[in-house]
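Residue-level listing of the chains:
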Amino acid sequence: MASQAKQGSQKMQEYQDMASQMRPRKPLLKNALWAFFVGGLISEVGQGVEWFFMQHGLSAKEATPPMTVVMIGLGALLTGLGWYDRVVKHGGMGGSLPITGFANSMVAPAMEFRTEGLVLGVGAKLFTVAGPVLAYGLAAAFVVGLLRLLITGGA
Amino acid sequence: MAVTRLGPSTYQFENIRILAAAAVGGPKEGEGPLGAYFDSIWPSELKDHASFEVAERHLLLEAQDLAVKKAAVPWESIDMVMSGDLLDQLASTNFAGREHQRPLVGLFAACAVFTEALGLGAMAIASGGPRNVLAAAASHHMAAERQFRFPIELGYQRTPTAAWTATAAGACLVSGSDAVAGEGGVSVESVTFGRVVDWGSKDPNDMGTAMAPAAYDTICRHFEDTGRSIEDYDQIYTGDLGVFGVRLLSALAQKDGKHWDERLDDCGRALYAIDKQDVHNGGSGAGCSASVFSGFIYNRLVKKDLQRVLLVATGALFSPTTYQQGESIPSIAHAVSVRRL
């Protein structure tokens, strides 16, 4: 039994080099521009919502939580209608990064695993996409919080 | 009926015919350039079924049933069903078997399973075993996305080399009964079983690169064992190398001084209008080669547009677990030579 890894590691390397030379490239500039404008548009909408709450008597600080709720609701709604995946298809990170993208990453598995029931389906699979972001996001927050405490003291 | 061993991996048959073939596809496949060759096109991806998994099962059953009906034989005359799909535990194949109640041989070779079934079926018949074998395979875009990638509604960007799993199924009724001997029809000439080839590709969004060396290996050994060359075939169809994979396969042949360009095509590339249907590298999935052969290629053979075709279904043998554990993607290709009599 001749393991093929031993036979032709050079041949394999040549092949991989050839493949990476011939491989169609990602349209980086186009993707970046789309991400900028889609992400920017979502942020503008968020800003508009925040202004709306400020018009109705909330301070800038107070207006942030209700704005977040509205944007998450909007992301969830667009996901439910089957539109948000198209936003990200063109917008890339411009669609994934804003809080609407977070809503998408929660609602999509919820819809998907409904067929496996409410407990082992939706309940267990709800965080399959957002889970790592939450876990490491919280871990990072603890570290940053600790550093802040050490550097600037209490208060 | 007889089977001859031509070489280390190739077996040749006598008097093995395809009695009938049927292909069923989803709406996107129906809109593609091969839409007219499908026996049935579903109006939606679900067609009122409760889940994508149930839909895939019925896609397979429908193709199997249509092939049996087109051959005008009773289901009871099917001695063996050889079938495969991509879902865990071969769910579609096995649950379809719960319905059709014929002896079932479930096979797994990822997207290469259709030619594995066709070749094994022909070999079983030629060895004097079963008389009628139904060879089939299916895949469903949404069910595969769920299992191998992300939830359907999750937004993400596909890379230019990513393949689009076809919602499609194909089935061929292979027979060796004396009633069909004589002129006419399409015969299964020989099969070359592939070995596992892994040249170190790791990107599951570029399975063309992972599978092209396997296709090349199998085609070369087929030629070696049969003493043929590409000129002996009107067309070689790989399973789902896609636009980029076929270019790589061509380049591999070119490196060895062989010019395969003109006679090389790919089921995944043929199934969709690549530019218009947003499928990037082209179609993939067990049902891709199964449906393109059972619909398009088989029909062209019957109409005598083609005399002899080598169908080389290609499969990437990774699982989400092996990928996450950093393993490269082993691939396999099985080749079946089919000829118009």
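See the structure above.
All chains use their own residue numbering, which begins from 1 and follows the written sequence. Whichever chain is written first is A, and whichever ligand is written first is 1; the rest continue in order. Residue-level local features of this predicted model are given only where pLDDT is at least 70; pairs of side-chain atoms are given and counted only at 80 or more, and the full residue set underlies all totals for whole chains, interfaces and linings. Values shown for side chains rest on all heavy atoms present in the structure; no hydrogens or waters enter the calculation.

## Describing the environment of V133 of chain B
All names here are of chain B. Rule in force here: A helix here means a DSSP run of H or I that spans at least four residues, while a strand means a run of E at least two residues long, and both kinds are numbered starting from the N terminus. Burial classification: accessible surface area is computed with a 1.4 Å probe over protein chains only, and a residue below 20% of its type maximum counts as buried, one above 50% as exposed, and the rest as partly exposed. Contact criterion: two residues are considered in contact whenever any of their non-hydrogen atoms come within 4.5 Å of each other.
With respect to the helices and strands, V133 occurs in strand β7 (residues 132-139). Assessed through its relative accessible area of 0%, V133 is described here as buried. Sequence separation between V133 and P43 is 90 residues; the distance between their C-alpha atoms is 30 Å. Residues contacting V133, with those up to four places away along its chain left out, are M80, M82, G121, I125, C172, L173 and V174.

## Observations regarding a nonpolar patch on the surface
Residues and elements named next belong to chain A. Keep this limit in mind: Patches in this entry comprise residues that are over 30% relatively accessible and not in a salt bridge; like charges within 9 Å are linked, as are nonpolar side chains (Val, Leu, Ile, Met, Phe, Trp, Tyr) within 5 Å. Methods summary: accessible areas were calculated by the Shrake-Rupley approach with a probe of 1.4 Å, and residue burial reflects only the protein chains presented. By definition here, a salt bridge exists when the distance from a side-chain nitrogen of Lys or Arg to a carboxyl oxygen of Asp or Glu is within 4 Å.
Residues L41, V45, L74, L77, L81 and W83 make up a contiguous nonpolar surface patch of about 570 Å² in total accessible area. Elements represented by at least two residues in the nonpolar patch include exactly α3 (28-55) and α4 (60-80). Looking at the secondary structure, you find L81 in the loop between α4 and α5 (84-91). According to the relative accessible area criterion, L81 is partly exposed, its value standing at 46%.

## Quick look at the interface of chain A and chain B
So the rule is basically this: The term buried area denotes the loss of accessible surface (1.4 Å probe radius) that occurs when two parts are joined, taken as the sum for both partners. Any pair of nitrogen or oxygen atoms within 3.5 Å is treated as a polar contact; in protein, a donor-acceptor pairing is required on top of that, and neighbouring residues in sequence qualify only through side-chain atoms on both sides. Under the scheme applied here, ten amino acids are nonpolar (Ala, Val, Leu, Ile, Met, Phe, Trp, Tyr, Cys and Pro), four are charged (Asp, Glu, Lys and Arg), and all others, including Gly, are polar.
Taken together, the contact between chain A and chain B spans 33 residues of the former and 32 residues of the latter. Taking both partners together, chain A and chain B bury about 2,700 Å²; carbon and sulfur atoms supply 59% of that area. Across the contact surface, chain A and chain B share 5 salt bridges. R146 of chain B serves as the salt-bridge partner of E112 of chain A, at 3.7 Å between the closest nitrogen and oxygen. Summed over the shared surface of chain A and chain B, the result is 13 residue pairs in polar contact (both at pLDDT 80 or more). Mapped by element, the contributors of at least two residues to the side of chain A that touches chain B are α2 (9-22), α5 and α7 (99-112) of chain A. Residues belonging to the side of chain A that touches chain B are distributed by class as follows: 12 nonpolar, 12 polar and 9 charged.

## Some points on the pattern of salt bridges
Residues and elements named next belong to chain B. Applying the stated criterion across every chain, the model contains 19 salt bridges over all chains. Put simply, D79 and R131 hold a salt bridge, and the shortest N to O gap is 3.6 Å. Highlighted residues: D79 in the loop between α2 (52-70) and β5 (80-84) and R131 in the loop between α4 (113-126) and β7, separated in sequence by 52 residues. What makes R131 exposed here is its relative accessible area of 54%. Measuring nitrogen to oxygen at the nearest pair gives 3.6 Å for the salt bridge that ties R339 to E189. Linking R339 in strand β15 (residues 331-340) with E189 in strand β10 (residues 186-192), this pair joins segments that are 150 residues apart in sequence. For R339, a relative accessible area of 36% corresponds to the partly exposed category. We classify E189 as buried; its relative accessible area is 10%.

Structural measurements only, silent on function.
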